[in-house]
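Residues per chain, in single letters:
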Amino acid sequence: MSKRARERTRQEKQEAKRQKKEDRVEESALAEAPDETALMEEFRALSEQYNANVVSESHYTSERHRIFVALGIETEQDA
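Everything numeric here is computed off the predicted structure, so don't read it as measured data. (Residues numbered from 1 in each chain as written. Predicted model: local features only at pLDDT ≥ 70, side-chain atom pairs only at ≥ 80, totals over all residues. Heavy atoms only, no water.)

Chemist: Would you take a moment to explain the overall build of the protein for this structure?
Modeler: Each helix and strand counted, the protein has three helices and zero strands in total. Secondary structure elements of the protein occur, N-terminal to C-terminal, as α-α-α. Taken over 79 residues, the protein has a buried fraction of 14%. Excluding contacts between residues fewer than 6 apart, the proportion of contacts in the protein whose partners are at least 24 apart in sequence is 33%. Summed over all atoms, the accessible surface of the protein reaches about 6,800 Å², with 51% contributed by carbon and sulfur. (Helix = DSSP H or I, 4+ residues; strand = E, 2+ residues; numbered from the N terminus. Buried < 20%, exposed > 50% of the residue type's maximum accessible area, 1.4 Å probe, protein only. Contact = heavy atoms within 4.5 Å. Areas by Shrake-Rupley, 256 points an atom, 1.4 Å probe, with all protein chains shown as cover.)

As structure tokens, this is what we get:
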């Protein structure tokens, strides 16, 4: 009987550790989530600069790709 109790205790500890690890992963994912509003504002400003011929097409394309990747949007460069 004590062997079963030890095994149950061990399993409970493992489950607690697993849950704690999942919680940490979720918290770090939330902390690393991109600020969608700021990225969209950055893209708006970049587009205005490109339309006003302030930035080159290559700079616009690379920055647009970076922003879209951060937002989770697929671009033609991803294809």
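Chemist: So what exactly am I meant to see when it comes to the nonpolar core here?
Modeler: The tendency in soluble globular proteins is for nonpolar side chains to be buried as a group. Membership of the largest hydrophobic core is limited to eight residues, which are Leu39, Phe43, Leu46, Val55, Tyr60, Ile67, Phe68 and Leu71. Sorting the residues of this core by element identifies helix H2 (36-51) and helix H3 (57-71) as the ones contributing at least two each. Not counting the four nearest positions on each side in its chain, Tyr60 is found in contact with Phe43, Leu46, Ser47, Tyr50 and Val55. (Core = buried A, V, L, I, M, F, W, Y, C linked by side-chain atoms within 4.5 Å.)

Chemist: I would appreciate a short explanation of H3 in the present structure.
Modeler: Because each turn of an α-helix spans 3.6 residues, side chains separated by three or four positions in sequence point in the same direction. End to end, H3 covers 21 Å across 15 residues, agreeing with the expected 21 Å (1.5 Å per residue, within 8%). As for H3, its buried residues are in contact with H2. A positive backbone phi angle near 85 degrees is found at Gly72, which sits one or two residues after H3. (Expected span 1.5 Å × (residues − 1).)

Fair warning: the whole summary comes from geometry, so function is off the table for now.
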